[in-house]
2 protein chains.
Amino acid sequence: MATGKGQLPTLHPVTGFKLGIASAGIKTPGRKDLVVMEIAEGSTVAGLFTQNAFCAAPVTIAKAHLASTTPKYLLINTGNANAGTGEKGLSDALQSCDVLAAITSVKKDQILPFSTGVIGELMPMDRLLKGLPIAAAALSEEGWADAAAAILTTDTRAKGASLQYGKGRKITMTGITKGSGMIKPNMATMLGFVATDAAVDAELLHRALRLANEKSFNRITVDSDTSTNDAVILVATGASGIIINEESFDQFVAELKTVFIDLAQAIIRDGEGASKFVSVVVEGAVDTDEALAVAYTIAESPLVKTALGASDPNWGRILAAIGRAGLTNLDVNEVQLYLNSVLIAENGARAASYTEGTGQTAMQPEDIEIRVSLNRGQATETVWTTDLTHDYVRINAEYRT
Amino acid sequence: MATGKGQLPTLHPVTGFKLGIASAGIKTPGRKDLVVMEIAEGSTVAGLFTQNAFCAAPVTIAKAHLASTTPKYLLINTGNANAGTGEKGLSDALQSCDVLAAITSVKKDQILPFSTGVIGELMPMDRLLKGLPIAAAALSEEGWADAAAAILTTDTRAKGASLQYGKGRKITMTGITKGSGMIKPNMATMLGFVATDAAVDAELLHRALRLANEKSFNRITVDSDTSTNDAVILVATGASGIIINEESFDQFVAELKTVFIDLAQAIIRDGEGASKFVSVVVEGAVDTDEALAVAYTIAESPLVKTALGASDPNWGRILAAIGRAGLTNLDVNEVQLYLNSVLIAENGARAASYTEGTGQTAMQPEDIEIRVSLNRGQATETVWTTDLTHDYVRINAEYRT
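Residues numbered from 1 in each chain as written. Chains lettered and ligands numbered in written order. Predicted model: local features only at pLDDT ≥ 70, side-chain atom pairs only at ≥ 80, totals over all residues.

What follows is about the overall build of chain A. Check the secondary structure of chain A and you find eleven helices and 16 strands. Dimensions of chain A, computed from C-alpha atoms along their principal axes, come out at roughly 70 × 55 × 35 Å. Counting all 401 residues of chain A, 60% fall into the buried class. Taking the contacts inside chain A whose residues are at least 6 apart along the sequence as the reference set, 82% of them involve residues at least 24 apart. (Helix = DSSP H or I, 4+ residues; strand = E, 2+ residues; numbered from the N terminus. Buried ≥ 20, exposed ≤ 12 C-beta atoms within 10 Å, placed from the backbone. Contact = placed C-beta atoms within 7 Å.)

As structure tokens, this is what we get:
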């Protein structure tokens, strides 16, 4: 299952950024599973990576390479996460960089490797390496849609976002992402690759990435499980000739956020087993931490999520989640709870105006907003999540078989 | 579904403690749903209650009454939690105490009320009040098994534990509990009532309760959702004439822990949709907090739980859970992971000795132990949990219908 339309939008090419794919047969013969991305000379690159201590071998290598030099190529495979693979995993990831470096005549530390798929199995290196020259030969600025398909795992659809902005000469921003389960990014997403033709120096680019990421990939959860392989990369090729400086930075970040939020929401719309797209909005919190504590406690409650899947306005479970979110001195009589625009509960009880009928009606749409007003401060945060369905259990009981 | 045998053991009567039940028809006509418990003169009573800020009306009343005097009666209903019911809920809970006080000729603050069931609906007071004289008339020291049945909600079986210890004159301890979903007790359980005929002063009794509770009800999770109605009550009637002092305290607590752990494990064995009984043991942690962080992150991971339900040794998901548990400077190469006695992973990767076949075999039993050696300290903790199955989703999608 999945929610929304799910059609891949038009993905504008970004001058100076090329993508090529191959079918290496890493897990499934014949499927597109290998992507090489080429970054033009003079680009800047920023990245964020999973905080999971058991981070995958390619994450370790990519972080080290990104810290040492400006990358020229990104190398992504699906079908195998190269995580929980110890020393062998690290040498495999390095070898893949070595081979691609030889093909493309760059140094191996100019290549960032990324993997996604099953954890705990060694990478089938022969198949992966054979795919590299094929992907490298296919490099094209038109390759976004193919690449969006080639990085998927349990996803049911390709995910991308793209925009252009500016008067006269325009800046283009295009990105793709993947992710459906093991989704609670922590400082990053599953995998996201975004490029722009703006010219942005490395420090500004990293700031922009952090700001856009914080309100997008860092605001989603399917199942509370942070992946071992999360990474998001932002490339600025500069090919538009438009330089982003302190003055134009805020607009650049605002546009970038639009792309990032589109991508993050696309992950939630394709969340494993999802039949609902749920926005949890917490307002009137003392601070961001408090707003997020309440939002995530609701968004990750199995009881709330199963009720959502059943379109059951079981608001008592939402109150129970708010109540266990660990807030200091919460006055439950001040809390108001809305489903979409319907006031459900206040003064610690069902709202006088609420009827089961209005609640049932509010729960029918595919897109649901749960809004909590804590009425004790100014902070507001939004987290996006899915419901919990039989399909989620089926997908994750069967994933390895 | 449920695991284990599930037969209610012999529940020894505790002299000085009586139980009576009635069918009040609070939610379902004809089912046993109301319990009154009578505490003999001279008893001591200790209690622990949910930390959920949206605690139910009867929890608020019971805490206040317990703080003001020694209770003479406990009044428990199932079918309606009287939570999320605001001021009306409080007055309803007080009224039920009033009416039982009149029937039994005690003061209303000598009565502790407890409710469990659906959250957010007003208590059908007429039906509840009509049941009170019937339950009071049925009071008997032989009433444990009936009471164990009359406090259930989505539970599929009654839960109790009982033991006698001592040379010559013996001390009896008997308890019952309920709970199947919304199970992550925080300082208490769903509902648990334990009585002993030992004579224990109030301060010692409270200490004993805290100690026994901490390693039993505070070490279980079905779905990470802390209930609004959790409470556990320990009564010492003193009828055996055996006085517990500082010298005999340790043995008393050890025996009490046995009863409490039996009860807590019975909740997990009857966890909603459970097909596995899972012990998560974390050893070699720096401290208790760290051990519990890892144990609960594993025990609450939907991906680990769905793999358990499928008897799939998908150990990569367990490593991912350990890695996101928030430990400072975790060296993943020091971590060892066992399924029952099978070493699955070490040095950040699959153990050399491990084969998929041994993993599959280890996952077949109904009772599974996941053991994590962090190898960086001396603390060990055990948490008990269930798997996540289609039945869990079905039960919680259908609960209100």
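Moving on to the nonpolar core. By size, the foremost hydrophobic cluster in this structure holds 271 residues, and its most contacted members are Val35(A), Val294(A), Val35(B) and Val294(B). If we skip the residues at most four places from it in the chain, Val294(A) touches Val282(A), Ala285(A), Ile322(A), Ala325(A), Leu327(A), Val372(A) and Leu374(A). (Core = buried A, V, L, I, M, F, W, Y, C linked by C-beta atoms within 7 Å.)

The subject of this paragraph is the interface of chain B and chain A. The interface of chain B with chain A comprises 55 residues on the first partner and 55 residues on the second. Counting only elements with at least two residues in the side of chain B that touches chain A, the list comes to helix 2 (86–104), helix 8 (302–309), helix 9 (315–323), strand 14 (349–350) and helix 11 (390–398) of chain B. When residues in the side of chain B that touches chain A are grouped by element, the largest group, eight residues, is from helix 9 of chain B. Here the residues of the side of chain B that touches chain A sort into 23 nonpolar, 23 polar and nine charged. (Nonpolar A, V, L, I, M, F, W, Y, C, P; charged D, E, K, R; others polar.)

This next bit is on the sheet that holds strand 14 (residues 349–350) of chain A. Residue and element names in this part refer to chain A. Strands sit in the order 9-16-11-15-12-13-14 across an open sheet of seven strands; the sheet is mixed. Lying at the two open borders of the sheet, with one neighbouring strand each, are strand 9 (220–221) and strand 14. Examined bridge by bridge, strand 11 (residues 277–285) and strand 16 (residues 379–386) share seven bridges and lie antiparallel to one another. Bridge pairing in strand 16 links valine 280 to valine 383. Strand contacts of helix 6 (residues 246–269): strand 9, strand 11 and strand 16, with the helix running at about 40 degrees to strand 16, the strand carrying the most contacts. (Pairing = 2+ DSSP bridges. Axes fitted to C-alpha atoms, helices over the stretch in contact; angles between N-to-C directions.)

Turning our attention to the domain arrangement of chain A. Residue and element names in this part refer to chain A. Entries for chain A in the domain assignment read domain 1 (17–269) and domain 2 (277–398). The interface of domain 1 with domain 2 comprises eleven residues on the first partner and eleven residues on the second. Looking at the side of domain 1 that touches domain 2, the elements with two or more residues in it are strand 9 and helix 6. Residue composition of the side of domain 1 that touches domain 2, by class: four nonpolar, five polar and two charged. (Domains from an automatic or database assignment.)

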